[in-house]
Amino acid sequence: MVHQTLQAEFKELEYIAADFLEKEDFESAAKCYRQLVVDDPYDARAYYNLAIILHDLSKFAESLACYEQAIKLGYHNPARANLNTGMNYLKMGDFKRGFHYVDLKSDGAWRLGKNFAFNQEALSHIDLWEGQSLEDKTILIYCEQGFGDNIQFVRYIPQVRELGGRIIFSCYDQLYNIFKNSPILKGVDVMKGASLNSAELNFKIPLLSLPRVLEATIDNIPHTDGYLSKTHCKDWNLSDEGMNVALVWESSGLDTRRSIPLETILPLCELPNVNMVSIQKGSAMFDYRRNPDIKNFLPSLGERIRDFSDTADILSQVDLLISTDTAPIHMGGALGIPTWGLLHFSADWRWFREKNYPDTSPWYESVRIYRQKEPANWGEVVERVKIDLKKISSP
């Protein structure tokens, strides 16, 4: 009877914690899970969920301890716990332990997208490259995960080229045009998709495994000044007067934390001498189209963008990009153009801890960061951006 009562209380606290998390009240959610592990110190799931929330609160050492305890207690998905452990280390800037966990101990949990799975099966007979000599050898580096991930990590391919041998880089079709013309990929055979003859390959490696094998550190990130070529191929009807600013406010629908409501971002369009243009694509355009007047002060170029070469062409011609944490922010940084990134309170690992990088990024010299000061409050972020934008756009 005591056990049943305890379980009922546990379930109730879980529901309460879920409500707090939906409101991004991480402190209150953490209190719920702290009570859960007191009530049942053998509850692996409670330790796992507490670890996630502690990560959101930037309490990384305590989060790591909870993941470790969850695994010791038999958490049903240790690969996921190892993945999150790696994310903790990466956010702290510890590339060695971070990439070890996410790459080798997460049993593929880090690998997103069909392209990774396809290459794993189609190239199962090809040896994985773990740093072996590449002299007189051919290695395939293939894309995986999201577009932004590929733009960010392509910078490591030149280090592989320096080791000799032939390099084939198989990238997403949408990224092919920007990568084939990148100055850092000269001497690399850039190919679309998986159209290649595996008989000529000696080694394979997914793109995001390169930092681990190359023993990358946060202190030796290459090409921080940009590595994609600026273009001026099309006329995007940008104004000849004032400051042209490209805007992106929504990330993938799978991660709502990285998305800003359209009505919250619109005050940026109120400034004189600023010509705001949207390069937003995807589901965010539903809200955009519901406002028939919005095109008068925020014209959309998103419908004209066919692939990332168009995105690069637009960004090469504007004065500034303002973007939430999604692929264009990496495009802006890789092009070396002024880019303002708007980040959630618990931002992705690649932006590291606020205390180390409050408003800059070691990945991109041209990127300036604006972080949420408190969860769920995008209005304050937009207000700071608006103040700074007014300063630089005033005649």
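Position numbers for residues count from 1 along each chain, tracking the sequence in the order it is written. Only residues with pLDDT of at least 70 are given local features in this predicted model, and only at 80 or more are side-chain atom pairs given and counted; all residues enter the totals for whole chains, interfaces and linings. Side-chain numbers come from the whole structure's heavy atoms, not from hydrogens or water.

### Some words on the overall build of the protein chain
Along the protein chain, the regular secondary structure elements total 16 helices and ten strands. Relative to the compact-globule value of 21 Å for 395 residues, the protein chain shows a C-alpha radius of gyration of 23 Å, a close match. Taken along the three principal axes of its C-alpha coordinates, the protein chain extends 75 × 60 × 35 Å. Classification of residues uses two cut-offs on accessible area relative to the type maximum, computed with a 1.4 Å probe and protein chains only: under 20% is buried, over 50% is exposed, and between them is partly exposed. Expressed as a percentage of the 395 residues in the protein chain, the buried residues total 54%. Whether two residues touch is decided by their heavy atoms; if any such pair falls within 4.5 Å, the residues are in contact. In the protein chain, of all internal contacts separated by at least 6 residues, the share reaching a separation of at least 24 is 69%. His is not counted, nor are the chain ends; Lys and Arg add positive charge and Asp and Glu add negative charge. The atom standing in for a charge is NZ when the residue is Lys, CZ when it is Arg, CG when it is Asp and CD when it is Glu. Positive and negative side-chain charges of the protein chain, numbering 43 and 54 respectively, have mean locations separated by a distance of 2 Å. Going along the chain from the N terminus, every DSSP run of H or I of four or more residues is numbered as a helix, and every run of E of two or more is numbered as a strand. With the radius of gyration taken over C-alpha atoms, the globule rule is written as 2.2 Å times the number of residues to the power 0.38.

### Brief notes about the pairing of strand 8 (residues 320–324)
In terms of burial, strand 8 is largely enclosed, as five of its five residues are buried. Here, strands pair whenever DSSP counts at least two bridges between them. Here four bridges tie strand 6 (residues 243–248) to strand 8, and the two strands are oriented parallel to one another. Among the inter-strand pairings, Val248 is bridged to a residue of strand 8, identified as Ser323. Here strand 8 runs beside strand 9 (residues 339–343); their pairing, made up of four bridges, is parallel.

### Examining the pattern of salt bridges
If charged atoms from side chains of opposite charge come close, those side chains can pair. Salt bridge, as used here, is a side-chain nitrogen of Lys or Arg placed within 4 Å of a carboxyl oxygen of Asp or Glu. Counted by the stated rule, this structure contains 21 salt bridges. Notably, a salt bridge pairs Arg350 with Asp149, separated by 2.8 Å at the nearest N-O pair. With Arg350 in the loop between strand 9 and strand 10 (367–371) and Asp149 in helix 8 (residues 147–153), this pair connects stretches of sequence that are 201 residues apart. For the pair Arg350 and Asp149, a shared accessibility class is recorded, and that class is buried. The partner of Arg368 in a salt bridge is Asp388, with the nearest N and O atoms 3.1 Å apart. You can see Arg368 sitting in strand 10 and its partner Asp388 sitting in helix 16 (residues 378–393), a full 20 residues away along the chain. Since its relative accessible area comes to 35%, Arg368 is described here as partly exposed.

### Things to note about the sheet that holds strand 10
With parallel pairing, five strands are arranged side by side in an open sheet as 7-6-8-9-10. Edge positions in the open sheet fall to strand 7 (274–278) and strand 10, since each of these has one partner strand only. Along the sheet, successive strands turn relative to each other by an average axial angle of 20°, direction set aside. Lines fitted to C-alpha atoms define the axes here, with helix axes fitted over just the stretch in contact, and angles between the N-to-C directions of these axes take values from 0 to 180 degrees. Its contacts with the sheet put helix 15 (residues 327–335) on strand 6, strand 8, strand 9 and strand 10, and the angle it makes with strand 8 is roughly 145°.

### Quick notes on the side chain of Lys91
With respect to the helices and strands, Lys91 occurs in helix 5 (residues 78–91). Of the buried charged residues, Lys91 lacks a salt bridge, with Asp56 as the closest side chain of opposite charge at 6.7 Å. Non-local contacts of Lys91, meaning those with residues more than four positions away in its chain, are made with His55, Phe60, Ser346, Ala347, Asp348, Trp349, Phe352 and Arg353.

### Here we look at the nonpolar core
Take the buried Ala, Val, Leu, Ile, Met, Phe, Trp, Tyr and Cys residues and link them wherever side-chain atoms come within 4.5 Å; each set so joined is a nonpolar core. By size, the foremost hydrophobic cluster in this structure holds 72 residues, and its most contacted members are Phe95, Trp129, Ile151, Ile157, Phe169, Phe179 and Leu210. Looking at this core, the element that brings in the most residues is helix 15, giving five residues. Ile157 has contacts with Ile141, Ile167, Phe169, Leu185, Val188, Leu207 and Leu210, leaving out every residue within four places of it along the chain. With 28 residues, the next largest nonpolar core counts Leu262, Leu271, Tyr288 and Val381 among its residues.

### Examining the environment of Ser300
Inspection of the secondary structure assignment puts Ser300 in the loop between helix 13 (284–290) and helix 14 (308–317). A C-alpha to C-alpha distance of 4.6 Å links Ser300 and Ser278, two positions 22 residues apart in sequence. When near neighbours in sequence (up to four residues on either side) are disregarded, Ser300 contacts Ser278, Met285 and Tyr288. In terms of polar contacts, Ser300 uses its side chain to reach the side chain of Glu303, at 2.8 Å. Identification of polar contacts relies on pairs of N or O atoms within 3.5 Å, with a donor-acceptor requirement for protein atoms, meaning one able to donate a hydrogen and the other able to accept it, and with residues adjacent in sequence counted only if both atoms are side-chain atoms.

### A closer look at the packing of aromatic side chains
Each aromatic pair joins two rings of Phe, Tyr and Trp (for Trp, the six-membered one) with centres within 6.5 Å, and gets the label stacked for planes under 30 degrees apart, edge-to-face for over 60, and tilted for any other angle. Using the criterion set out here, one finds 22 aromatic pairs in the structure. Each ring, one from Phe153 and one from Trp349, has its centre 6.4 Å from the other, and the planes form 40°; the classification is tilted. Here the residue Phe153 occupies a position in helix 8, and Trp349 occupies one in the loop between strand 9 and strand 10, the gap between them amounting to 196 residues. Members of the aromatic cluster, joined through ring pairs, are Phe95, Phe99, Phe153, Tyr156, Trp349, Phe352, Tyr357 and Trp363. For a Lys NZ or an Arg CZ to count as sitting over a ring, it must be within 6 Å of the ring centre and within 35 degrees of the ring normal. The ring of Tyr364 carries Arg155 above its face, with NZ or CZ at 4.9 Å from the centroid. Cation over ring: Arg368 sits above Trp340, and NZ or CZ is 5.7 Å from the ring centre.

### Side note on helix 15
Judged by how many residues are buried, helix 15 sits mostly within the fold: nine of nine residues are covered. Every buried residue of helix 15 is accounted for by Ala327, Pro328, Ile329, His330, Met331, Gly332, Gly333, Ala334 and Leu335. With its phi angle positive at about 75°, Gly336 sits one or two positions after the end of helix 15.

### Let's talk about the packing of helix 5 against helix 6 (residues 95–104)
The geometry of helix 5 relative to helix 6 is characterised by a closest axis approach of 7 Å and an angle of 160° between their N-to-C directions. Overall, the two elements helix 5 and helix 6 adopt an arrangement that is roughly antiparallel. The interaxial crossing formed by helix 5 with helix 6 has left-handed handedness. In this structure, helix 5 contributes Asn82, Leu83, Thr85, Gly86, Met87, Tyr89 and Leu90 to the contact, and helix 6 contributes Phe95, Arg97, Gly98, Phe99, Tyr101 and Val102. Classifying every residue of the contact of helix 5 with helix 6 by side-chain character gives eight nonpolar, four polar and one charged. By definition in this entry, angles of less than 35 degrees are roughly parallel, angles greater than 145 are roughly antiparallel, angles of 65 to 115 are roughly perpendicular, and the rest are oblique. For a crossing to be left-handed, the near helix must be turned anticlockwise from the far one by less than a right angle; the clockwise case is right-handed. Three categories are distinguished: nonpolar for Ala, Val, Leu, Ile, Met, Phe, Trp, Tyr, Cys and Pro, charged for Asp, Glu, Lys and Arg, and polar for the others, with Gly belonging to the last.

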